[in-house]
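# Close look at the chain arrangement
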Amino acid sequence: MDQLAREVFQEQNRVRTNPTSYIPYLQEMLTQFKGMVLHKPNEIPLRTNEGPGAVQDCINYLRSLKPLHPYQWDDNMTRAASDHANDIGPKGISNHTGSDGSSMSNRLERYGDWMGKIGENIDFGSKTARDIVLSLIIDDGVDNRGHRKNVLSPDFQKTGVACQKHAQWEICTVLDYASEYTFKGGKLSGTLITDNTPKFTSGSTFGQPQYTNYTTSSYAPGQTTTTYSTSPYTSSSVSYTQPTSTYTQAPSSLPVNHDLLAREVFQEQNRVRQNPTSYIPYLEEHLKLFQGMVLKKPGEIPLRTHEGPGAVQDCINFLRVQKPLHALEWDDNMTRACRDHANDIGPKNLCGHTGSDGSSMSSRLERYGDWNGKIGENCDFGNSSARDVIISLIVDDGVSNRGHRNNLFSPDFRKVGIACANHVDYKTCVVIDYASQYGPKGSFNQGSYTTSFPSSTVSGSYVPTSSYNTYTSQNPYNNSTTTTKTQTYASQNINDPFIQEQLRKHNIDTNTFGSSGSSQNYVDPEKPPNTIETSIQKNITIINGRRNVTETRTYKLADGSQKITERTYQE
């Protein structure tokens, strides 16, 4: 059986790389028809569905077909094919569903990860490699020639083939196909199915693919009698495809109106901010689509997630306690900055926050205005509906600090810009920029605000890949573009002779003074002698993330007088 499988592999590649090489076999077959019945030497006559018409159609097809790349043999795909052949053969089953209820994708996913498109053909009864391939490419009785398309698909790159004895049809051959396939956890080039980098898009956005089962009559022996067979052996094919496949055309494959999508994302984002629990029903439906760690949405490719339903449940719990927030305001100039990035990374197949010109989120925002307080950026790849974009960002699968969710629900942000563009790998990318304040150049050079400088969260993006993926940017800027007055504190120089005398008079041990508090040893080369207190005040002007500090020091001397110094520097 292993030898036959290898021969089928070779014959399949022969017809792919040299389509016209099979025409002589088909022309010979035409001479063997008597009406709708095929009379092959030493075989039982076979009544077909289309007669010689299907054979002539195949000849015409091969004449016009350009040579294709050969398939690559894959041992793990062959293991999946063997599982099915070894299951259905002894039990006399004749379809793609295993006796354990397994599908083609279930079996392939036992041994690896796939992306793009997968397919399966099964032939029953054909005993030679050439007859198996002829049966599949003629595809008698199948209107859309599904088996032929699987054999001669330009999308598939890898294949696995297995043969086994069959209780009813003597022999069965299972052929599995995939655009890309790798061992568990391996890297796939293009849209990722499994990701080991730090994607809910990429992403995330792939669910249950369309399933089409073709059961056809094919050119193979009939029943073991001398009568014509009305129930000849069958070949069947099934394929899982992306929405742009020849078998299905999902709405997500239609051209996307980018401006409309951006506005819809804006509206959905404000909806979940103002009414957080409104998204819980969508997430609860999401939970029902999980099979283990795999999310299977109708009409979409299965998505292997990092956290499975746990991330979705975490989001539900978050929304239940999240208080309503103010709506974000649309800003045209921030949208221009977003559009610059989307139009840059989309055609160039980039997926990060750094532009091809090295630009950062802040530098793009600064092209069109000044920002104040805090800025952040989320990027989403692969989602073509506003709701899916928002779900991707708030579920934030695989991101331990939920940075995307934090950006979307930040009470600090007031302004937002959103832009969408086509993306080479992920079809659609969405860039969302946030700011506490944003306005024309020079808007924030005056004013006095108290602000803090805490550690900031990391912002990034979801990739709709068959796993979740995050692309991190620089941290959102938790700083101010206005004048900030820092804490004023006093320090005493305990080494000063005057201070030492006072301490001895009161029996105070100088070792009790640490490095913090109001009585600390402050080393200052500019401090005048007999200073008993130092007060430091900083005025910080931060424009677009650059801190200009004016530091004023007031020294109180023992005789009651003061000395003031001032210096300006950048941090």
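As annotated in an unreviewed UniProt entry, the protein chain carries the name SCP-like extracellular protein and is attributed to Tetrahymena thermophila.

## Some thoughts on unusual backbone geometry
You will see that D396, though not glycine, has its phi angle at about 55 degrees, which is positive. The residue D396 is located in the loop between α13 (386-395) and α14 (403-408) in this model. Residue classification places D396 among the buried positions, given a relative accessible area of 0%. Unusually for a residue other than glycine, R402 sits at a positive phi of about 50 degrees.

## Points about helix α11 (residues 332-348)
Over its 17 residues, α11 runs 24 Å from end to end, which matches the ideal 24 Å to within 8%, given 1.5 Å per residue. Every buried residue of α11 is accounted for by M334, T335, A337, C338, H341, A342, D344, I345 and G346. Taken together, the buried residues of α11 touch β13 (329-330), α12 (361-365), β14 (370-381), β15 (415-423) and β16 (427-439). In this structure D331 caps α11, since a side-chain oxygen of it lies 3.0 Å from the backbone nitrogen of N333. Just downstream of α11, N349 is the residue with a positive phi angle, here 65 degrees.

## A short note on the sheet that holds strand β3 (residues 46-47)
If you walk across this open sheet you meet the three strands as β1-β2-β3, and the pairing is antiparallel. In this open sheet, the two edge strands, each paired with only one partner strand, are β1 (33-34) and β3. In terms of strand pairing, strand β2 (residues 37-38) meets β3 through two bridges, oriented antiparallel. The partner of L38 across the bridge, within β3, is L46.

## Looking at the packing of aromatic side chains
Applying the stated criterion across every chain, the model contains nine aromatic pairs. With a centroid separation of 5.4 Å and 85 degrees between ring planes, the pair formed by F266 and W330 is classed as edge-to-face. You can see F266 sitting in helix α8 (residues 258-274) and its partner W330 sitting in strand β13, a full 64 residues away along the chain. Note on accessibility: F266 and W330 belong to one class, buried.

## Describing the side chain of T335
On the secondary structure map, T335 appears in helix α11. In terms of polar contacts, T335 uses its side chain to reach the backbone carbonyl oxygen of D331, at 3.0 Å. When residues no more than four places from it in sequence are discounted, the contact partners of T335 are W330, G417, I418 and A419.

## Details of the pairing of β15
Extensive coverage of β15 is indicated by the burial of eight of its nine residues. Across two bridges, β13 lies against β15 in parallel orientation. Bridge assignment links E329 to a residue of β15, and that residue is K415. Taken together, the nine bridges between β15 and β16 define a ladder with antiparallel strand orientation. Bridge assignment links G417 to a residue of β16, and that residue is D433. Linking two consecutive strands that pair antiparallel, namely β15 and β16, is a turn of three residues.

## Focus on the pattern of salt bridges
The tally for this structure, following the rule as stated, stands at 26 salt bridges. Among the ionic pairs, D131 bridges to K40, the shortest N-O distance being 3.3 Å. Linking D131 in helix α6 (residues 129-138) with K40 in the loop between β2 and β3, this pair joins segments that are 91 residues apart in sequence. E50 is the salt-bridge partner of R145, the closest N and O atoms lying 2.8 Å from each other. Residue R145 is located in the loop between α6 and α7 (146-151), and its partner E50 is located in the loop between β3 and α3 (52-64); the two are separated by 95 residues in the primary sequence. We classify R145 as buried; its relative accessible area is 12%. Note on E50: relative accessible area 29%, which makes it partly exposed. Taken together, the salt bridges that share partners define one network made up of E50, D57, R145 and R148.

## Section: the nonpolar core
Ranked by size, the top nonpolar core spans 36 residues in total, and within it V15, Y22, L26, L62 and I137 carry the most contacts. Mapped by element, the contributors of at least two residues to this core are α1 (2-17), α2 (23-30), α3, α6, β6 (158-166) and β7 (170-183). Take this core: its biggest share by element is seven residues, from α6. Ignoring anything within four residues of it in the chain, the contact list for I137 reads V15, Y22, C58, L62, R148 and V151. Counting 35 residues, the second largest nonpolar core, distinct from the first, contains L319, L325, I391 and L393.

## So, the state of the cysteines
Applying the stated criterion across every chain yields a total of zero disulfides. C163 carries a free sulfur, and the closest cysteine sulfur to it, the one in C172, is 7.8 Å from it. On the basis of relative accessible area, C163 is assigned to the buried category, the value being 9%. Summary of cysteine pairing: C351 is not part of a disulfide, and the nearest cysteine sulfur, belonging to C429, is at 8.4 Å.

## Re the pairing of strand β5 (residues 112-124)
In terms of burial, β5 is largely enclosed, as 13 of its 13 residues are buried. Alignment of β5 against β7, held across eleven bridges, turns out to be antiparallel. Across the sheet, residue I122 finds its bridge partner in β7, namely V174.

## As for the sheet that holds strand β11 (residues 294-295)
Here three strands make up an open sheet; going across it, the order is β10-β11-β12 and the pairing antiparallel. In this open sheet, the two edge strands, each paired with only one partner strand, are β10 (290-291) and β12 (303-304). As judged from the two bridges shared by β10 and β11, these two strands associate in the antiparallel manner. Across the sheet, F290 pairs through a bridge with L295, a residue of β11.

## Quick word on the environment of C429
If you trace the backbone, C429 turns up in strand β16. Classification of C429 by relative accessible area gives buried; the value is 1%. Beyond its immediate stretch of four places on either side in the chain, C429 contacts A342, I345, G346, D380, F381, A419, C420, A421, N422 and H423.

The rules behind these values
Residues numbered from 1 in each chain as written. Predicted model: local features only at pLDDT ≥ 70, side-chain atom pairs only at ≥ 80, totals over all residues. Heavy atoms only, no water. Helix = DSSP H or I, 4+ residues; strand = E, 2+ residues; numbered from the N terminus. Buried < 20%, exposed > 50% of the residue type's maximum accessible area, 1.4 Å probe, protein only. Expected span 1.5 Å × (residues − 1). Contact = heavy atoms within 4.5 Å. Polar contact = N/O pair within 3.5 Å; in protein donor to acceptor, adjacent residues only side chain to side chain. Pairing = 2+ DSSP bridges. Phe/Tyr/Trp six-rings, centres within 6.5 Å; stacked < 30°, edge-to-face > 60°. Salt bridge = Lys/Arg side-chain N within 4 Å of Asp/Glu carboxyl O. Core = buried A, V, L, I, M, F, W, Y, C linked by side-chain atoms within 4.5 Å. Disulfide = S-S within 2.5 Å.

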